[in-house]
Amino acid sequence: LLQEASSQQIARCARQQEWVAVSGEYGSGRFSILKASAIQHISTTTKFFTATELAATEGAMLSLESELEQDGFSVIIRDIDTLPDTHQRTIASMIQGREHAGWIGVTIGTETDNTESNALVQPFFGHTVHVPALRYRIEDIHKLVPYILRQLSRGQDLTMSPAAIRQLTKYSWPGNVAQL
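In this report, we go over the structure that sits alongside the text. All of these numbers come straight from a predicted model, not from anything done at the bench.

We now examine the overall build of the protein chain. Helix and strand content of the protein chain: nine helices and five strands. Ordered by position in the sequence, the α and β elements of the protein chain form the string α-β-α-β-α-α-β-α-β-α-β-α-α-α. Over its C-alpha trace the protein chain gives a radius of gyration of 17 Å, about what one expects of a compact globule, namely 16 Å for 180 residues. With respect to the principal axes defined by its C-alpha atoms, the protein chain has extents near 55 × 35 × 30 Å. Here the protein chain holds 180 residues, and the buried ones make up 43% of them. Here the analysis covers contacts within the protein chain between residues at least 6 apart in sequence; of these, 80% occur between residues at least 24 apart. For the protein chain, the computed accessible surface area is about 9800 Å², with 52% contributed by carbon and sulfur atoms. Positive and negative side-chain charges of the protein chain, numbering 15 and 19 respectively, have mean locations separated by a distance of 11 Å.

Now the structure itself:
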């Protein structure tokens, strides 16, 4: 499975404290996989930041800076590539020289091709792992549906008939896992 290979690579990076950028289309599950790997393999509590909150409030940037100054930090920045270049430059200066002080994972999209933006922060990440879109890993629906049903039903035992799941596998899922 394509997604399983991506998950294993991301988990290895987290386990070995190697900084990782996870790329993929919106809704492909890149943040969920990165978050699950951090929770499973990083011994300290991981702090999560989104590009939206970092761009909206100075307090969020100060909180990120404070977190990155700690030894043993663990941080995930979601959609870092959507931040304005000024914010990305600031983050680049925060993480410069901190490679051995903690762990960072970021998610980046595949929809935009902002090479200047990518050049600001990407060089800090020795690994980039691509999470394929759901349409390229349609067999994952067999695992995703039970997982999503457990989440939506708060743990109740809901199932979907094999015929219904077969119908779901016939769709192209342009909105990826988020749409499912």
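With that settled, consider the side chain of Glu-25. Within the element layout of this structure, Glu-25 appears in the loop between β1 (20–24) and α2 (30–41). Polar contacts involving the side chain of Glu-25 include one to the side chain of Arg-135, which spans 2.4 Å.

Across all of its chains, the model carries six salt bridges by this definition. Put simply, Lys-143 and Glu-4 hold a salt bridge, and the shortest N to O gap is 2.3 Å. Of this pair, Lys-143 sits in helix α7 (residues 141–152) while Glu-4 is found in helix α1 (residues 2–15), placing the two residues 139 residues apart along the sequence. Since its relative accessible area comes to 29%, Glu-4 is described here as partly exposed. When the shortest N-O distance is used, the salt bridge between Asp-71 and Arg-98 registers 3.5 Å. Residue Asp-71 is found in the loop between α4 (58–69) and β3 (73–78), and its partner Arg-98 is found in the loop between α5 (85–95) and β4 (102–109); the two are separated by 27 residues along the sequence.

With that settled, consider the nonpolar core. Of all hydrophobic cores here, the largest spans 40 residues; its most connected members are Leu-54, Leu-64, Ile-91 and Trp-103. Those residues in contact with Leu-64 that sit more than four places away from it in its chain are Phe-49, Leu-54, Val-75, Ile-77, Ile-91 and Met-94.

Before going further, it helps to spend a moment on the pairing of β4. Of all eight residues in β4, eight are buried, a share of seventy percent or more. Alternating residues of β4 divide into Gly-102, Ile-104, Val-106 and Ile-108 and Trp-103, Gly-105, Thr-107 and Gly-109, and every residue in both groups is buried. In terms of strand pairing, β1 meets β4 through five bridges, oriented parallel. Counted as the bridge partner of Val-22 is Thr-107 from β4. Read from β3 through α5 to β4, the crossover connection turns out right-handed.

How each quantity is defined
- Residues numbered from 1 in each chain as written.
- Predicted model: local features only at pLDDT ≥ 70, side-chain atom pairs only at ≥ 80, totals over all residues.
- Heavy atoms only, no water.
- Helix = DSSP H or I, 4+ residues; strand = E, 2+ residues; numbered from the N terminus.
- Rg over C-alpha atoms; globule rule 2.2 N^0.38 Å.
- Buried < 20%, exposed > 50% of the residue type's maximum accessible area, 1.4 Å probe, protein only.
- Contact = heavy atoms within 4.5 Å.
- Areas by Shrake-Rupley, 256 points an atom, 1.4 Å probe, with all protein chains shown as cover.
- Lys, Arg positive; Asp, Glu negative; His and termini not counted.
- Charge placed at Lys NZ, Arg CZ, Asp CG, Glu CD.
- Polar contact = N/O pair within 3.5 Å; in protein donor to acceptor, adjacent residues only side chain to side chain.
- Salt bridge = Lys/Arg side-chain N within 4 Å of Asp/Glu carboxyl O.
- Core = buried A, V, L, I, M, F, W, Y, C linked by side-chain atoms within 4.5 Å.
- Pairing = 2+ DSSP bridges.
- Right-handed = clockwise from strand over helix to strand, strands pointing away.

Bear in mind that shape data such as this cannot, by itself, settle questions of function.
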